[in-house]
Amino acid sequence: MLAACGGGAPTTDNPAAPTGGNPTGTPYSGPVARDGDVLKFQQEFWSNARSSDRCGSCHTPEGGQTPYFVRWDDVNLAYDEAVLRIDRDQSSDSEFVTKVGAPPIGHNCWVDDPGTCGSIMTTWIENWVDFSSA
């Protein structure tokens, strides 16, 4: 005899995806990535760093803090800023990592430990660079 399962774990709604520094709250609708390296940057670094609780509240033209490496209107221009601040041979030496991971508080680290922010950014850069077409 078959019986239906009952109970189980409660369900929760998934949160909305972050919109980053985009003041309209709409998804990215700017120009497409001009090449494979920009696309990997968009997928692995930019999409993670652009939320307003990370870099997106400041490092956009609207936020006014240069460099604009997470600008929401043109991922190609964001890439042009970001690529100047990474170390492709040693990701952990990239300017982003050393700045956000600097003790004791890190530059706008979004968790309690700046070393954790530095590690997260290192991973984003490694994921971008290791699989890029450049």
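So, a few notes on the structure that sits alongside this text. (Residues numbered from 1 in each chain as written. Predicted model: local features only at pLDDT ≥ 70, side-chain atom pairs only at ≥ 80, totals over all residues. Heavy atoms only, no water.)

## Points about the environment of Met121
- Along the chain, Met121 turns up in helix H4 (residues 114-130).
- Along the primary structure Met121 and Val97 are separated by 24 residues, whereas in three dimensions their C-alpha atoms are 5.8 Å apart.
- Each residue touching Met121, except ones within four places of it in the same chain, is listed here: Phe45, Cys55, Phe96, Val97, Val100 and Trp110. (Helix = DSSP H or I, 4+ residues; strand = E, 2+ residues; numbered from the N terminus. Contact = heavy atoms within 4.5 Å.)

## Points about the state of the cysteines
- In total, this model carries 1 disulfide according to the counting rule given.
- Cysteine Cys55 is unpaired, with the sulfur of Cys58 as its nearest cysteine sulfur at 8.6 Å. (Disulfide = S-S within 2.5 Å.)

## A word on the layout of surface pockets
- One number sums up the size of the largest pocket: a volume of about 250 Å³.
- In this structure, the largest pocket is lined by 17 residues; those nearest its centre are His59, Phe69, Phe96, Lys99 and His107.
- Split by residue class, the lining of the largest pocket holds 8 nonpolar, 5 polar and 4 charged. (1 Å grid on protein atoms, 1.4 Å probe; cavity = no way out; pocket = protein on both sides within 12 Å on 5 of 7 lines; lining within 4 Å. Points joined across faces, edges and corners; volume = space filled by probe spheres on them. Nonpolar A, V, L, I, M, F, W, Y, C, P; charged D, E, K, R; others polar.)

## Some thoughts on the packing of aromatic side chains
- Tallying each qualifying case throughout the model produces 11 aromatic pairs.
- Their ring planes at 65° and their centres at 5.9 Å tell us that Tyr79 and Trp128 sit as a pair that is edge-to-face. Taken together, the residues span a long stretch of sequence, with Tyr79 in helix H2 (residues 75-82) and Trp128 in helix H4 at a distance of 49 residues. Comparing Tyr79 with Trp128, the two get one shared label, buried.
- Between Trp110 and Trp124 the ring centres are 5.6 Å apart and the planes differ by 0°, which places this aromatic pair in the stacked class. Of this pair, Trp110 sits in the loop between helix H3 (95-100) and H4 while Trp124 is found in helix H4, placing the two residues 14 residues apart along the sequence.
- The rings of Phe41, Phe45, Phe69, Tyr79, Phe96, Trp110, Trp124 and Trp128 are connected pair by pair, giving a single aromatic cluster. (Phe/Tyr/Trp six-rings, centres within 6.5 Å; stacked < 30°, edge-to-face > 60°. Buried < 20%, exposed > 50% of the residue type's maximum accessible area, 1.4 Å probe, protein only.)

## Some thoughts on H4
- With 17 residues, H4 should cover 24 Å at 1.5 Å per step; its first-to-last C-alpha distance of 24 Å lies within 8% of that length.
- Looking at the buried positions of H4, the neighbouring elements they touch are helix H1 (36-49), H2 and H3.
- Of the residues that open H4, the one with a side-chain oxygen 3.2 Å from the backbone nitrogen of Gly115 is Asp113. (Expected span 1.5 Å × (residues − 1). Polar contact = N/O pair within 3.5 Å; in protein donor to acceptor, adjacent residues only side chain to side chain.)

## Some remarks on the pattern of salt bridges
- The final tally for this structure, using the stated rule, is 6 salt bridges.
- Between Asp80 and Arg34 there is a salt bridge, and its shortest N-O distance comes to 2.3 Å. With Asp80 in helix H2 and Arg34 in the segment before H1, this pair connects stretches of sequence that are 46 residues apart.
- Residue class for Arg34 comes out partly exposed when judged on its relative accessible area of 47%.
- Between Arg71 and Asp73 there is a salt bridge, with the nearest N and O atoms lying 2.8 Å from each other. (Salt bridge = Lys/Arg side-chain N within 4 Å of Asp/Glu carboxyl O.)

## A look at unusual backbone geometry
- The linkage connecting Thr66 with the following residue, Pro67, adopts the cis geometry, with an omega of 0°.
- Here Pro67 lies in the loop between H1 and H2.

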